[in-house]
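Each chain, letter by letter, is given below.
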Amino acid sequence: MANFYKDNEDIQFLFRNIDIPGVADAVEEGFKFAKDFDYAPVNLKEATENYDLVLDSIGKLSGDFIWPRSEGIDRQGSHLCEDGNVKYADGIKESINMLAKADVMGFTLPYRFGGLNCPNIIYSIAIEIVSRADASLMNIFGLQGIAETINYFASEEIKQKYLHDFAAGKVTGAMVLTEPDAGSDLQSCKLRAFQSDDGQWYLHGVKRFITNGCGEVLLVLARSEPDRSGGLGLSLFVCDSGPTVHVRRTEDKLGIHGSPTCELFFDNTPCELVGERRRGLAPYVMSLMNGARLGISGQSLGIAEAAYRIARDYAASRKQFGGAIEKLPAVRDLVIDMKIEVETARALLYETSRVVDYDISYTKTLEINPPADKEQLKKVKDASRRYGRYAGMLTPMTKYLSSEMCNRVTYNSIQVLGGSGFMRDYPCERLARDARITTIYEGTSQLQVVAAVRGVCSGTCEKYIAELAEKQYEPQVQDLLAILKANTELLLKAVVYVKEKGVEYMDLHGRELVDTAIAIICGYLFCEQASGKVDIDVETPKSDNGQTKMSMKKRKELLARRYITKNASLIKSLIESIMSGNVSSLEQYDALAGAVPTEK
């Protein structure tokens, strides 16, 4: 019996050490829902047990049911039928049904709609587990942000119309945003929204690259103000799939074959306005996309975890030159780096999810139940601003880090397996194909860096790192904290230099700045894990003294030491590059990149 939750010792350790008490109290609003819903927890102990049970259920389902179907899903794929309907791969349809029966399709929705009201940090763990089993299925399971967006911004009538069905798993949805001439640049959307004389809204135009565009409920970004260009002319609408929504084609693509990517034509489709006019892009779609970026981070993590496990097993069992290939230093180094990269991305994703949970909680408090006491109100407002800024910086950081990591780890997994990894005998090649999209959709890595570097250079990163530095750590990591402190001073020095050079220079060296900030932040997170309040024993290969287990806190200390000391020289190199004043990419582009290729 496979269980993708219980068999992951890092998740087990983090579940016992992350701030579940804080986020549980925040989302349960002091456990006030227990009086109206018999399945809502009455206290922290019950909430923790509930989260553990939900993740255990998803872990079993992922290990026993979804993973065995993933190869068949990849080979069968999704197809557009002659009647205009899209046919899912059999395994996708079966897995969606099983997830619905497990009551996990309304993961973060409130109890009153039949949801589980789980915090984002638990949802991120669930997405990772499902994605390890099948990355393409996550593109349907992980689209629960559509229901969340309706819950946050739509009228009560629209909420009642859609959210019960979402929570019951009766419908799936799609974020209908991009167009042929509006990919990352959503401000350029042209799909038209117009009103008839009786006030009914309609949609007309084409949308492209729509994940699960065949879903039953569509959230559509459209131009409702024809006389206004840019984002202020856009509003958000919800509509049902139906006879006026035509799937013109499904894309023939490299990976995630179980998830249909559709081109849609809206032929005067009746729809309803979500929230207020002209607020479609900001804040509604930006909120939706930030949630989706956490989802892609979790998806990347799941893919990488699967790829690492295959490589680890192969390196231990494949015999060459008279022994297992893991005895070779180069292979050993590769496997260790893969494992550390996965745990680094997990540390940042879970921390970001925690920050997002607090951001949402403080925002809701101010909107729904602001404190009457002025001092208390000021504290809540300050906390809301602080967590909002942290979430705005960490969300693109985690999406960038996890998705780039995912591509490296799947690439290296194939490398460890050699020729066998290139063949379809092992899932490595499928995982590498599935990984490739993660650095592209919901904003490319380059756009994530542009978003994150603003937080690095605005003072947000400095305040956040200062909070991390003030935490209590155990004596064995004090020397590592000194390295992190020195690296932070280097980063701040570089930020001053970059700000003097201007915005264009900041964007040019954004990747180096963000990489440096991430290395420092994750160094602190590893030190925090090595100082965790709860320890567990984890399995290790049999040592010379016969031991087969070791303390996870001790292992995390070793990991922190390797990560921080190895990154120290890298950070110095990055800072030197940032402060070099090199602008050759700006000034010598034509000479260095050469002319646009033409046939002669």
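Notes on the structure follow. Because the structure is predicted, anything quoted here is derived from the model rather than measured.

## Observations regarding the side chain of Ser 124
Move 1: The topology assignment puts Ser 124 in helix 5 (residues 120–133).
Move 2: At 2.8 Å, the side chain of Ser 124 and the side chain of Ser 353 are in polar contact.
Move 3: Every residue in contact with Ser 124, bar those within four places of it in the chain, is listed here: Leu 349 and Ser 353.

## Focus on the layout of surface pockets
Move 1: Quantified by volume, the second largest pocket comes out at close to 1,200 Å³.
Move 2: Looking at the second largest pocket, it is lined by 29 residues, and the ones nearest its centre are Tyr 308, Arg 312, Glu 539, Pro 541 and Arg 555.
Move 3: At the level of elements, helix 1 (9–17), helix 9 (280–317), helix 10 (329–368), strand 12 (537–539) and helix 19 (552–578) are the ones that each hand at least two residues to the lining of the second largest pocket.
Move 4: The biggest single contributor to the lining of the second largest pocket is helix 10, with six residues.
Move 5: In the lining of the second largest pocket, the residues fall into 11 nonpolar, three polar and 15 charged.

## Concerning the packing of helix 2 (residues 20–27) against helix 10
Move 1: Packing of helix 2 against helix 10 leaves a shortest axis separation of 9 Å and a crossing angle of 30°. Overall, the two elements helix 2 and helix 10 adopt an arrangement that is roughly parallel. The handedness of the crossing between helix 2 and helix 10 comes out as left-handed. Contacts between helix 2 and helix 10 involve Gly 22, Val 23, Ala 26 and Val 27 from the former and Arg 354, Asp 357, Tyr 358 and Ser 361 from the latter.
Move 2: Each residue belonging to the contact of helix 2 with helix 10 can be placed in one class, and the counts come to four nonpolar, two polar and two charged.

## Brief notes about the pattern of salt bridges
Move 1: Per the counting criterion, the structure on display carries 52 salt bridges.
Move 2: Measuring nitrogen to oxygen at the nearest pair gives 2.8 Å for the salt bridge that ties Glu 29 to Lys 32.
Move 3: Residue classification places Glu 29 among the partly exposed residues on the basis of a relative accessible area of 32%.
Move 4: The partner of Arg 433 in a salt bridge is Asp 74, with the nearest N and O atoms 2.8 Å apart. Of this pair, Arg 433 sits in helix 13 (residues 428–436) while Asp 74 sits in helix 3 (residues 44–76), and the two are 359 residues apart along the sequence.
Move 5: The exposure class of Arg 433 is buried, given its relative accessible area of 15%.
Move 6: What makes Asp 74 buried here is its relative accessible area of 6%.
Move 7: A cluster of three or more residues bridged by salt bridges with shared partners is formed by Asp 7, Asp 10, Glu 128, Arg 132, Glu 305, Arg 309, Lys 339, Glu 343, Arg 346, Arg 555 and Lys 556.

## Things to note about the pairing of strand 3 (residues 173–176)
Move 1: Of the two faces of strand 3, the one carrying Gly 173 and Met 175 and the one carrying Ala 174 and Val 176 are both buried.
Move 2: The sheet contact formed by strand 3 and strand 6 (residues 217–223) spans four bridges and is parallel. Looking at strand 6, one finds that Val 176 is bridged to Val 220.

## Description of unusual backbone geometry
What you tend to see is this: most non-glycine residues have negative phi, and most peptide bonds are trans.
Move 1: Of note, the bond from Ala 282 into Pro 283 is cis; its omega dihedral lies within 30 degrees of zero at 15°.
Move 2: Mapped onto the elements, Pro 283 comes out in helix 9.
Move 3: For Phe 209, which is not glycine, the phi torsion reads 60° and is therefore positive.
Move 4: With respect to the helices, strands and loops of the structure, Phe 209 is situated in strand 5 (residues 201–211).
Move 5: Residue class for Phe 209 comes out partly exposed when judged on its relative accessible area of 47%.
Move 6: A positive phi angle is found at Arg 278, which is not glycine, with a value near 70°.
Move 7: If you trace the backbone, Arg 278 turns up in the loop between strand 9 (261–274) and helix 9.

## Some points on the nonpolar core
Generally speaking, soluble globular proteins have nonpolar side chains that are buried together.
Move 1: In this structure, Phe 141, Met 397, Leu 513 and Ile 521 are the most contacted members of the largest nonpolar core, which totals 154 residues.
Move 2: A total of 14 residues in this core trace back to one element, the largest contributor, which is helix 11 (residues 374–417).
Move 3: Once residues lying within four places of it in the same chain are set aside, the contact partners of Met 397 are Leu 348, Ala 452, Val 456, Val 514, Ala 517, Ile 518 and Ile 521.
Move 4: In this structure, Tyr 162, Phe 166, Ala 167 and Leu 288 belong to the second largest nonpolar core, which totals 31 residues.

Cut-offs applied
- Residues numbered from 1 in each chain as written.
- Predicted model: local features only at pLDDT ≥ 70, side-chain atom pairs only at ≥ 80, totals over all residues.
- Heavy atoms only, no water.
- Helix = DSSP H or I, 4+ residues; strand = E, 2+ residues; numbered from the N terminus.
- Polar contact = N/O pair within 3.5 Å; in protein donor to acceptor, adjacent residues only side chain to side chain.
- Contact = heavy atoms within 4.5 Å.
- 1 Å grid on protein atoms, 1.4 Å probe; cavity = no way out; pocket = protein on both sides within 12 Å on 5 of 7 lines; lining within 4 Å.
- Points joined across faces, edges and corners; volume = space filled by probe spheres on them.
- Nonpolar A, V, L, I, M, F, W, Y, C, P; charged D, E, K, R; others polar.
- Axes fitted to C-alpha atoms, helices over the stretch in contact; angles between N-to-C directions.
- Parallel < 35°, antiparallel > 145°, perpendicular 65-115°, else oblique.
- Left-handed = near helix turned anticlockwise from the far one by under 90°.
- Salt bridge = Lys/Arg side-chain N within 4 Å of Asp/Glu carboxyl O.
- Buried < 20%, exposed > 50% of the residue type's maximum accessible area, 1.4 Å probe, protein only.
- Pairing = 2+ DSSP bridges.
- Core = buried A, V, L, I, M, F, W, Y, C linked by side-chain atoms within 4.5 Å.

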